[in-house]
Amino acid sequence: MGQDAAGRVEELRDRIRYHEHRYYVLDAPEIGDAEYDALMRELLSLEAAHPELASPDSPAVRVGGAPRDGFVTVRHSAAMLSLDNALNDGELREFDRRVRDLLGHSDYRYVAELKLDGLSLAVRFRGGSLVQAITRGDGETGEDVTSNARTIRSLPLRVADGPPEFEVRGEVLMGNRAFAKLNAEREAQGLPRYANPRNSAAGSLRVLDPATTAARQLDFYAYLLLVNGEPLLDSHWASLDRLAEMGFRVDPSRAACAGLEDLQAFIERWSAGRDSLAYEIDGVVAKIDSLAQQRRLGWTAKAPRWAIAFKYPPRQAETLLENIEVQVGRTGALTPVAHLRPVAVSGVTVSRASLHNEDEIERLGLAIGDTVVIERSGDVIPKVVRVKEHGDARRRFRMPAQCPVCQEPVTRAEGESASRCINPDCPARLKETVRYFASRGVMDIDGMGEALVSQLVDAGMVKSVADIYELKAETLAPLERMGEKSARRIVEGIEASRKQPLPRVLNGLGIPFVGERTAKLLADSFGSLDAIVGASADELQRADEVGPKVSGSIRAYFDNPRNQRLVERLREAGLRFTHDAPKREGGPLKGMTLVVTGTLPTLGRDEAKALIEAAGGKASESVSKKTSYVVAGEAAGSKLEKARTLGIPVIDEAKLRELAADA
Ligand code: IVH
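These figures come from a predicted structure and were not determined experimentally. (Residues numbered from 1 in each chain as written. Predicted model: local features only at pLDDT ≥ 70, side-chain atom pairs only at ≥ 80, totals over all residues. Heavy atoms only, no water.)

Q: I tried to follow the pairing of strand β5 (residues 129-135) on my own but got confused; where do I start?
A: Across a regular strand the side chains alternate sides, sitting on one face of the sheet and then on the other. With respect to burial, β5 is a largely interior element, six of its seven residues being buried. Sheet analysis places strand β4 (residues 119-126) next to β5, joined by six bridges and oriented antiparallel. Residue pairing in the sheet places Leu121 in a bridge with Thr135 of β5. Once β4 ends, the chain turns through two residues before running back antiparallel as β5, passing Gly127 with a positive phi of about 55 degrees. (Buried < 20%, exposed > 50% of the residue type's maximum accessible area, 1.4 Å probe, protein only. Helix = DSSP H or I, 4+ residues; strand = E, 2+ residues; numbered from the N terminus. Pairing = 2+ DSSP bridges.)

Q: Help me understand helix α3 (residues 89-103), please; the structure alone is not making it clear to me.
A: Along an α-helix, residues three or four apart share an orientation, since each turn contains 3.6 residues. Its 15 residues place the ends of α3 21 Å apart at the C-alpha level, agreeing with the 21 Å of an ideal helix rising 1.5 Å per residue. Here α3 has its buried residues at Leu92, Phe95, Asp96, Val99 and Leu103. Summarising the axial view, the buried residues of α3 lie within an arc of 95 degrees, below the 170-degree limit, and thus occupy one face. One or two residues past the end of α3 sits Gly104, with phi positive at roughly 80 degrees. (Expected span 1.5 Å × (residues − 1). Arc of directions from axis to C-beta.)

Q: How do you make sense of empty space enclosed by the protein when you look at a structure like this?
A: Empty space left among the atoms is revealed by rolling a probe the size of a water molecule over them. All chains considered together, the criterion is met by one cavity of 30 Å³ or more. Within this model, the largest cavity holds a volume of roughly 50 Å³. Surrounding the largest cavity, Val596, Arg605, Lys609, Ala619, Ser620 and Glu621 form its lining. When residues of the lining of the largest cavity are traced back to their parent elements, those giving at least two are α22 (605-614) and β23 (618-620). The class makeup of the residues in the lining of the largest cavity is two nonpolar, one polar and three charged. (1 Å grid on protein atoms, 1.4 Å probe; cavity = no way out; pocket = protein on both sides within 12 Å on 5 of 7 lines; lining within 4 Å. Points joined across faces, edges and corners; volume = space filled by probe spheres on them. Nonpolar A, V, L, I, M, F, W, Y, C, P; charged D, E, K, R; others polar.)

Q: Just checking my understanding: could you explain the packing of helix α12 (residues 427-438) against helix α13 (residues 450-458) for this structure?
A: Angle between the axes and distance between the axes are the two parameters that describe a pair of packed helices. One can describe the packing of α12 onto α13 by two numbers: an axis separation of 9 Å at closest approach and a directional angle of 135 degrees. Taken together, the axes of α12 and α13 lie oblique to each other. The handedness of the crossing between α12 and α13 comes out as right-handed. Contacts between α12 and α13 involve Pro427, Leu430, Lys431, Val434 and Arg435 from the former and Glu450, Val453, Ser454, Val457 and Asp458 from the latter. For the contact of α12 with α13, the residue count by class is five nonpolar, one polar and four charged. (Axes fitted to C-alpha atoms, helices over the stretch in contact; angles between N-to-C directions. Parallel < 35°, antiparallel > 145°, perpendicular 65-115°, else oblique. Left-handed = near helix turned anticlockwise from the far one by under 90°. Contact = heavy atoms within 4.5 Å.)

Q: How should I be thinking about unusual backbone geometry in this particular structure?
A: Most peptide bonds adopt trans geometry, and most residues besides glycine take a negative phi value. Despite not being glycine, Phe513 has its phi angle at roughly 75 degrees, a positive value. Position of Phe513 among the secondary structure elements: in the loop between α16 (502-508) and α17 (516-526). Take Phe513: its relative accessible area is 48%, and that puts it in the partly exposed class. Of note in this structure, Ala635 is not a glycine but carries a positive phi near 60 degrees. Looking at where Ala635 falls in the secondary structure, it is placed in the loop between β24 (629-632) and α23 (638-646).

Q: Can you help me understand the pairing of strand β17 (residues 371-376) in this one?
A: Buried residues dominate β17, accounting for five of its six residues. Two strands pair when backbone bridges link them, and strand β13 (residues 315-328) and β17 are joined in this way by six bridges, in the antiparallel orientation. From the neighbouring strand, Glu318 faces β17, where its bridge partner is Val373. As defined by bridge partners, β17 adjoins strand β18 (residues 383-389) across five bridges and the pair is classed as antiparallel. Along β18, the bridge assignment pairs Val373 with Arg386.

Q: Can you help me understand the sheet that holds β24 in this one?
A: Within a sheet, adjacent strands bond to each other through the backbone by hydrogen bonds, running parallel or antiparallel. Read across the open sheet, the four strands follow the order β23-β22-β24-β25; overall the sheet is parallel. Every interior strand has two partners, whereas the edge strands, β23 and β25 (650-651), have only one. With three bridges joining them, strand β22 (residues 593-597) and β23 adopt parallel strand pairing. Paired with Val595 across the strands is Ser620, a residue of β23. In the packing of α22 onto the sheet, the strands contacted are β22 and β23, and the crossing angle to β22 comes to about 165 degrees. Docked against the sheet, α23 engages β22, β24 and β25, running at close to 135 degrees with respect to β22.

Q: Could you clarify how one ought to interpret the site of the ligand in this entry?
A: In the region of the ligand, the neighbouring residues are Leu83, Glu113, Leu114, Lys115, Leu116, Ser120, Glu171, Tyr223, Val285, Lys287, Trp299 and Pro304. Side-chain polar atom of Lys115 to an oxygen atom of the ligand: 3.0 Å apart, as the coordinates give it. Here a nitrogen atom of the ligand and a side-chain polar atom of Lys287 are 3.0 Å apart. About the coverage of the ligand: the protein hides 90% of its 520 Å² of free accessible area. Looking at the shell around the ligand, the elements that each hand over two or more residues are β3 (110-116) and β11 (281-288). Ranked by the residues each element gives to the shell around the ligand, the list is headed by β3, at four residues. (Near = heavy atom within 4 Å. Polar contact = N/O pair within 3.5 Å; in protein donor to acceptor, adjacent residues only side chain to side chain. Areas by Shrake-Rupley, 256 points an atom, 1.4 Å probe, with all protein chains shown as cover.)

Q: Sorry if this is basic, but what is going on with the packing of aromatic side chains here?
A: By convention here, two paired aromatic rings are described through the distance between centres and the angle between planes. This structure, assessed with the given rule, holds nine aromatic pairs. Ring centres of Tyr221 and Tyr279 lie 5.4 Å apart, and the angle between their planes is 55 degrees; this geometry places the pair in the tilted category. Of this pair, Tyr221 sits in strand β8 (residues 218-227) while Tyr279 sits in the loop between α9 (260-273) and β11, and the two are 58 residues apart along the sequence. Under the relative-accessibility criterion, Tyr221 is labelled buried at 4%. Ring centres of Phe437 and Tyr469 lie 6.4 Å apart, and the angle between their planes is 85 degrees; this geometry places the pair in the edge-to-face category. (Phe/Tyr/Trp six-rings, centres within 6.5 Å; stacked < 30°, edge-to-face > 60°.)

Written as structure tokens, this is what we have:
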């Protein structure tokens with residue numbers, strides 16, 4: 001049976017790989033979704049039954065593996081630099097002139113590609129398999145996002161006829177349809193919308209749970225093929241063809257241009273054509289085709305001299321500012337929103353725009369009745385860029401002195417741009433808080449959406465999130481659009497939510513600056529809500545990514561007696577207040593506890609911790625008899641001494657790397 005299973009698994013993997021390439025890269029599927037799903041399901045169940053057959057380049061990893069705690073930083077094979085921009089035709093001519101002068105002749109061609117608006121990713125292959133994917137980061141080092149990148153369907157996990165080791169660089173993006181779908185879902189769940197596909201692609205690639213990335217439908221377009229940090233072929237055009245042959249998605253609009261005129265025509269053509277694309281572009285990238293010429297032109301400190309990014313101007317329109325209304329958010333911040341006479345901007349009808357705050361309105365010199373210029377630069381929410389013409393009967397906007405919802409006084413703190421309603425009982429704030437608490441990804445209470453929350457708050461049945469846990473089916477049933485069955489379902493949902501893990505509870509409290517990621521890092525670092533509540537601002541900063549702003553906000557929240565009462569009531573309701581940092585399945589440091597002390601030669605403190613955790617070990621702050629190793633760097637002090645007293649082995653960074661890499 002073992003042999004059969006292995007054979008069948010290989011066969012399924014090959015077939016799925018073939019169909020994924022047809023579907024995701026070539027856009028020419030041969031089978032329907034149902035048939036594909038059936039193949040994938042069979043593979044998943046076989047792999048589950050035979051864990052010994054697992055393989056990191058199996059298409060089964062597309063559904064996302066185990067979540068992780070953080071990302072490890074990795075050095076790039078060659079710096080990932082950015083491109084110089086040309087903002088208009090004059091700057092483009094200037095670039096072309098410089099190329100000609102530096103080469104001393106005009107015998108060169110350009111390759112023009114669309115400038116995809118996503119984030120760049122470096123993907124390494126060894127022996128034909130994808131082994132590592134790294135974000136751009138600061139250009140020198142990036143984050144290892146391999147598990148997440150493996151879920152991108154248009155990124156091959158295995159390549160048949162490439163060099164033994166190579167790297168592909170390209171752009172990760174989210175298509176307009178996937179983006180619209182994601183935002184609609186987020187809206188329905190009461191989560192904030194992503195501003196544009198670029199942000200959502202970046203956000204989706206950097207989540208800790210690969211299953212989330214898998215659900216987000218990202219795409220990868222390749223634009224560079226490197227071996228040892230150097231281009232493999234001597235023509236960029238040939239490289240792109242080679243990448244396509246190897247199974248990567250490559251910009252289908254790419255064009256070889258004999259010179260500046262051809263390039264200008266390409267730019268012109270896509271300026272008009274960009275709205276017909278399935279994804280956002282923000283310009284055109286032109287590269288000198290010949291690698292020999294690229295080498296002669298070389299690089300500046302920032303960017304290659306052989307390439308330029310021509311940026312399209314943002315898409316603008318003019319319309320009338322009909323009114324400015326004020327919205328009250330979860331933290332009480334009052335946001336002025338422009339109500340516009342509906343106008344089409346590149347195929348999208350725009351009727352609203354955020355004005356952010358009073359200062360922004362002041363800066364723009366804006367009054368109701370003015371004609372304004374609005375702009376969409378890939379963002380869903382357009383912005384007002386300037387006043388085009390004053391209206392005849394223009395009316396100045398004043399931030400109301402009272403909250404438009406609860407009528408309590410509004411304050412604006414020294415040095416803050418936001419005016420806030422500070423009434424904790426303000427129904428607008430309360431509704432937003434409760435809706436967020438109950439939403440998917442937080443406490444996940446099925447059926448408790450905007451309409452129900454609104455009714456519950458208006459009826460005085462919910463005055464804080466703790467009241468949710470006292471709701472009964474009998475009291476819910478008489479509500480509008482409810483009935484006994486739905487009421488029972490909601491109470492079941494409330495019941496189930498008591499088991500949500502601590503990071504979600506913490507996120508659900510709505511502490512300013514503490515979202516999903518920070519909540520998880522805090523819970524991992526402190527292990528219980530009581531430890532977090534009891535920690536000083538300084539101690540809180542021990543958690544990854546928590547600085548003075550976040551720790552101050554957490555302290556202010558828990559110092560408020562009202563929030564202390566809330567915490568007690570949530571404890572009584574039986575919510576989870578403790579948290580086990582996720583255990584790893586395996587890894588070379590499994591079961592070991594390591595303490596890092598002093599300054600290591602290359603790894604920062606957080607990087608060393610991440611390395612230990614990624615290898616399955618536990619990174620601890622204090623040395624005890626249970627410590628397996630102390631990793632000591634320069635100026636190590638009392639911890640090193642203690643290790644010596646207790647006879648704990650002391651190692652250096654090099655040894656740590658060796659241990660962590662040992663498979
Ligand atoms: S080539 C050294 N080609 O634009 C050459 N970049 O502003 C590196 N981008 O960081 C980049 N589409 O993320 C190249 N066809 C394309 C691109 C592209 C989008 C992005 C890339 C880069 C940024 C530079």
